[in-house]
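If you want the building blocks of each chain, they are given just below.
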Amino acid sequence: MTSTVKHHQMANAIRALSMDAVQKANSGHPGLPMGAADIATVLFSQHLKFDPKNPNWPDRDRFVLSAGHGSMLIYSLLYLTGYDDITMDDLKNFRQTGHKTAGHPEYGHISGIETTTGPLGQGIANAVGMAIAERKLADEFGSDLVEHNTYALVGDGCLMEGISQEAITLAGHLKLNKLIVLWDDNNISIDGAVSVSDSTNQAMRFQSANWNTLAVDGHDADAISAAIEEAKKSDKPTMIACKTTIGYGSPNKGGTAGAHGAPLGDDEIALTREALGWTSEPFEIPSDILDAWRLAGLRSAKTRKDWQKRLDEGDADIKCKFDRRMSGELPGALAPALDAYKKALAEDKPKEATRKASQLVLEVINGATPETLGGSADLTGSNNTKTSQTASITPDDFSGRYIHYGIREHGMAAMMNGIALHGGLIPYSGGFLIFSDYCRPSIRLAALMGIRVIHVLTHDSIGLGEDGPTHQPVEHMAALRAIPNFNMFRPADITETLECWELALSSTARPSGIALTRQGLPAVRTSYVEENLCAHGAYELASESDAKVTIFASGSEVEIAMEAKAALDAKGHSTRVVSVPCMDLFDDQDADYKSAIIGDSPIKVAIEAGVRQGWDQFIGNDGIFIGMNSFGASGPYKELYKHFGITAEDTVAAVEAKL
């Protein structure tokens, strides 16, 4: 049983720090931390397996604050339990420029923040990904090394966002019984009572998705603890509805939207202190309460040491593999395997759609890299993301290496983030490039966090043909290239596809997208070069010493550029061709390299079956752009390229008109 007095004092420490930090910043959300303080105190002091002095312990429980606006909850918990890289000064500088305690929790700022949250619903989907990773690695390495729970604290907003439905239905299908969702059921959103916009029976919703559901008073410590214990024994994921009062303790704002997203005010804070019996000054924690919290932080130290002993004294080969996997280091066998295949491609010069080329490359990658975890949003046969090594994961068998995400693109992308954040696996998945719009919020967060996830995005232009403009990406390459710290690749043939995959796998701090064609493409790289040329972002594919014309192109349009070069050369217009597989990597090159690649040809042309945005850095405002300035159309792809004027003949005509 919990000591009631001690529990309330510990929970009130969270409430006091939260309302004081928000007040000092004159910005923030005090309501959730005050309302959920009892839930968090029970979890962190009695159940969560963690070690603040070894925050990256692989077998720790994961805690995700999905309702990231309540960030002072996690900041208070990390300080109180004794994490070394957060101080009282950090709490006093909540939401201030240059300080770790950002408005919403950011991965990498402070140990113990497992993921960046704030956009509602992302956190619960991340947590599902973490639970998938735990189950997969437990199957692979055994429960002696991998056996932990994933907890997510969610609010009403997280459960209203559509991504939550995608996440919870897959979690229920896969029977992720080590996933426990704690719902801060306070019935309040920004606009007022939740009832103004929603009347969902959340318990029935979760039950229909094959979840175990429980309901407790979110301010009754013993009831919360008993529910968590029961959830741990379930053969399904569990949602615990914790009925709480937002802004708990505030006499005038508690239980109202007024406590959600604004400081309580000095007068209301004084009344709240009185109501809670909290007599300490702002940012002062009585020593006995801080000691209780610090002891809670030491609770799992012996468990961690026992785990480390099992790892160290167990099979040396397993330890080596486990340590490598958790460090994110690629296996030594991968680079030589890819290089050998690259040499074979120079000999064979296969003509393949790059989506098929990607599958052929993945066959090599998955054979050498046991940590890759593939998948697709119900487009396996179209995306070509499955190989001979990747048997399907099922609810009762996690020995496979392929997840059928179903038609859940947004959830899939967020779950991939959770898998990557957990460690030990490299997630990649497939979808159509057009549906990257559904994935975009999760892709953006992956880029913000700097994590290794790889999105295979096929059917990358009007080249997909008859499915028409609803499925033909036009603005999508430009939109994805606009995301900072995200490598958006568009390879021209199978050799470039191999190089792009190699770069994506080696980019441990930057996610990647690989846009791939439906239509077949000839080999444009016809001789072996050891260097990864795509690593420069753009490189000279066909040189000419004194070129009058330079053509820049990506993906399927490199073939058109090469045809145009041949025609222009034959007419006496010397032409060079630059392949641009990744503008983002080109941006990283030094000024001299960029200048040499752009060159000084009087006429510069860019060809891409998309919008012009992004290409003026190569061709200038007065350059020729051969591409799209409208949506596509339905028809055979070769006819569409002619219809929209994206051909070698159109390119030659545009160049000659300018000459």
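Calculation criteria
Residues numbered from 1 in each chain as written. Predicted model: local features only at pLDDT ≥ 70, side-chain atom pairs only at ≥ 80, totals over all residues. Heavy atoms only, no water. Axes fitted to C-alpha atoms, helices over the stretch in contact; angles between N-to-C directions. Helix = DSSP H or I, 4+ residues; strand = E, 2+ residues; numbered from the N terminus. Parallel < 35°, antiparallel > 145°, perpendicular 65-115°, else oblique. Contact = heavy atoms within 4.5 Å. Nonpolar A, V, L, I, M, F, W, Y, C, P; charged D, E, K, R; others polar. Salt bridge = Lys/Arg side-chain N within 4 Å of Asp/Glu carboxyl O. Buried < 20%, exposed > 50% of the residue type's maximum accessible area, 1.4 Å probe, protein only. Left-handed = near helix turned anticlockwise from the far one by under 90°. Core = buried A, V, L, I, M, F, W, Y, C linked by side-chain atoms within 4.5 Å. Pairing = 2+ DSSP bridges.

A. Structural detail: the packing of helix α12 (residues 301-313) against helix α13 (residues 316-327). Between α12 and α13, whose axes approach to 7 Å, the crossing angle comes to 120 degrees. Compared by their axis directions, α12 and α13 come out oblique. From α12, Trp307, Gln308, Leu311 and Asp312 reach across to α13, where they touch Lys319, Phe322 and Asp323. Considering only residue class, the contact of α12 with α13 consists of three nonpolar, one polar and three charged.

B. Structural detail: the pattern of salt bridges. Taken as a whole and judged by the stated rule, the model has 30 salt bridges. The shortest N-O distance in the salt bridge between Lys319 and Asp312 comes to 3.2 Å. For Lys319, a relative accessible area of 24% corresponds to the partly exposed category. By relative accessible area, which is 43% here, Asp312 ends up partly exposed. Note that Asp569 is salt-bridged to Lys565, the shortest N-O span being 2.6 Å. Of the two residues, Asp569 and Lys565 are both situated in helix α21 (residues 557-570); the distance of four residues between them amounts to about one turn of the helix.

C. Representation of the packing of helix α7 (residues 162-173) against helix α17 (residues 409-422) within the structure. Where α7 meets α17, the closest approach of the two axes is 8 Å, and the angle between their N-to-C directions is 70 degrees. Here α17 runs roughly perpendicular to α7, going by the angle between their axes. Classified by chirality, the crossing of α17 by α7 is right-handed. Here α7 contributes Ile163, Glu166, Ala167 and Leu170 to the contact with α17, which in turn contributes Glu409, His410, Gly411, Met412, Ala414 and Met415. When its residues are assigned to classes, the contact of α7 with α17 shows six nonpolar, two polar and two charged.

D. Structural view of the nonpolar core. Residues Tyr75, Ile240 and Trp293 are the most contacted members of the largest nonpolar core, which totals 115 residues. Element by element, the count of residues in this core is highest for helix α5 (residues 122-141), at ten residues. Filtering out sequence-adjacent residues up to four positions away, Tyr75 remains in contact with Ile86, Leu91, Phe94, Lys100, Thr101, Ala102, His104, Pro105, Glu106, Ile110 and Ile113. Formed by 58 residues, the second largest nonpolar core is a distinct cluster that contains Phe489, Ala492, Ile494 and Leu498.

E. Structural detail: the sheet that holds strand β18 (residues 575-579). Spatially, the five strands line up as an open sheet ordered β16-β18-β17-β19-β20, and their pairing is mixed. Looking at which strands have only one partner, the edges of the open sheet turn out to be β16 (539-542) and β20 (624-626). Put simply, the sheet's adjacent strands are angled 30 degrees from each other on average, direction ignored. In this sheet, β18 lies alongside β16 in antiparallel orientation, the contact comprising three bridges. The residue of β18 that forms the bridge with Ala542 is Val577. Here helix α26 (residues 648-658) sits on the sheet in contact with β17 (549-553), β19 (603-607) and β20, set at roughly 165 degrees to β20.

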